[in-house]
Amino acid sequence: MTLSTPASAPAAMPEPPADPFRYGWRYVRRELPSGELVFEPQPLTLDDVHYPQEGDFIVHSSEHERIRNYLYDALRAHLRDLPGVVVLTDVRVAWDVPGLRPLGPDIAVFGGVREWRNWTTFNVAVEGAQALLVIEITSPETRHMDLVDKADEYAAAGVLEYVVVDLAGRERVGQILVRGYRLEGGVFVVSPQDEAGRVLLRLGALRIGVAGEDVLLFDAMGQPIGDYVQIDARLREEAAARQAAEARLREEAVARQAAEARLREEAAARQAAEERLREAEARIRELESRLGQSQS
């Protein structure tokens, strides 16, 4: 009798190689032996993500982009009437500090800007601007960079307020964390919070905090601020309601004018009737007088 041998355990599958383009890419010009110039994608490193060049494409998660787009639109909508204030997203910033390399903040708000332009690199010295607020949204790979390295660099750059939306920290505490810092004496100190745990910002008397899975901006009264699309829709609704109210007022004014015209016509008709009555009474008195004279 032949004894069967136990089946061997399946060999472990090798780990797939890391995607070299997981952080993003930039196109690099290369000349072929034929002399032809071509542009080839080159993978980015974490250092490239930290210190981007113009034209870099940096990969972000859909959640990162959703939060960034909301904050950009909401800040633009809320600050749109402040003169000289611009809100930038994913624009490379060259700081007015010797030795400090350009950075690419997720959101940056500057004041004192003389003229809006289509920047690819915002040069603080050229624009004569002041960095009022910077917001970074972390990923697992960039968390230490955003919380430590960039915090030191933004403080050195004179950024007045720095906020970190810590998506990567959620794995530890089960929720998104929002960390705020204010520049005091050249260093960042923790920003105060309201009773709901929202970070209080000096800029625009705003607050920023978490509601469920959303990161929201709140006004000074604690009311959530919609993004640009929502605010534009509300303004359009308010404008439509105002136009409808104005149309009703015009209709009421026309109706009132018509009623007043009818009253004037009725008053004129009444006056004419009273005048005819007076004429008739006068004729009657005249006839009575003639009749009395003839009888005498």
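Above this text sits the structure in question.
Okay, so let's go over this structure. The residue numbers shown here count from 1 along each chain, following its written sequence. The predicted nature of this model means local features are confined to residues of pLDDT at least 70 and side-chain atom pairs, given and counted, to a pLDDT of 80 or more, with totals for whole chains, interfaces and linings taken over all residues. Hydrogen atoms and water are omitted, and side-chain values are computed over all heavy atoms in the structure.

The next subject is the sheet that holds strand β12 (residues 199-200). Any two strands with at least two DSSP-identified bridges between them are counted as paired. Only DSSP runs of H or I with at least four residues qualify as helices, and only runs of E with at least two residues qualify as strands; both kinds are numbered from the N terminus onward. With antiparallel pairing, 3 strands are arranged side by side in an open sheet as β12-β13-β14. Single-partner strands in this sheet number two, and they are β12 and β14 (214-218). Pairing of strand β13 (residues 207-211) with β14 involves 5 bridges; the strand directions are antiparallel. Pairing of Ala211 across the sheet is with Asp214, part of β14. By the convention used here, residues are in contact when the closest approach between their heavy atoms is within 4.5 Å. An axis is simply a line fitted to the C-alpha atoms; with a helix, the fit covers only the stretch in contact. Between two such axes, the angle follows the N-to-C directions and lies from 0 to 180 degrees. Helix-sheet contacts for helix α2 (residues 62-79) involve β13 and β14, and the interaxial angle to β14 is about 10 degrees.

On to helix α4 (residues 143-157), then. Residue pairs spaced three or four apart in an α-helix point in one direction, given the helix's 3.6 residues per turn. The end-to-end C-alpha distance of α4, which contains 15 residues, comes to 20 Å, matching closely the 21 Å that a straight helix rising 1.5 Å per residue would cover. At every residue, the bend is computed as the angle between two fitted axes, covering the seven residues ending there and the seven beginning there respectively. Taking the largest bend as the criterion, α4 deviates by roughly 40 degrees, centred on Lys150. Among the residues of α4, Arg143, Met145, Asp146, Lys150, Ala151, Glu153, Tyr154, Ala155 and Ala157 are the ones counted as buried. To estimate how far a helix should extend, the number of its residues minus one is multiplied by 1.5 Å. Only protein chains enter the accessibility calculation, which uses a 1.4 Å probe; a residue is then buried when its area is under 20% of its type maximum, exposed when over 50%, and partly exposed in between.

Okay, the layout of surface pockets next. Cavities and pockets were defined on a 1 Å grid built from protein atoms only: a cavity is a group of points that admits a 1.4 Å probe but offers it no way out, a pocket is an open group of points flanked by protein on both sides within 12 Å along at least five of seven lines, and a lining residue is one with an atom within 4 Å of any such point. Grid points are joined across faces, edges and corners, and a volume is the space filled by probe spheres set on the points. Size it by volume and the largest pocket reaches roughly 750 Å³. Surrounding the largest pocket, 38 residues form its lining, Ile58, Val59, His60, Asp90 and Asp106 being those nearest its centre. Elements that contribute at least two residues to the lining of the largest pocket include exactly α1 (46-50), β3 (57-58), α2, β8 (130-137), α4 and α5 (170-173). Side-chain classes follow a simple rule in which Ala, Val, Leu, Ile, Met, Phe, Trp, Tyr, Cys and Pro form the nonpolar group, Asp, Glu, Lys and Arg form the charged group, and the remainder, Gly included, forms the polar group. Classifying every residue of the lining of the largest pocket by side-chain character gives 14 nonpolar, 10 polar and 14 charged. Considered as a void within the structure, the second largest pocket measures approximately 260 Å³ in volume. Forming the boundary of the second largest pocket are 18 residues, of which Tyr72, Arg76, Val86, Val87 and Trp116 lie nearest the centre. Among the elements that take part in the lining of the second largest pocket, α2 stands out by supplying 5 residues, more than any other. A breakdown of the residues in the lining of the second largest pocket according to their chemical character gives 13 nonpolar, 2 polar and 3 charged.

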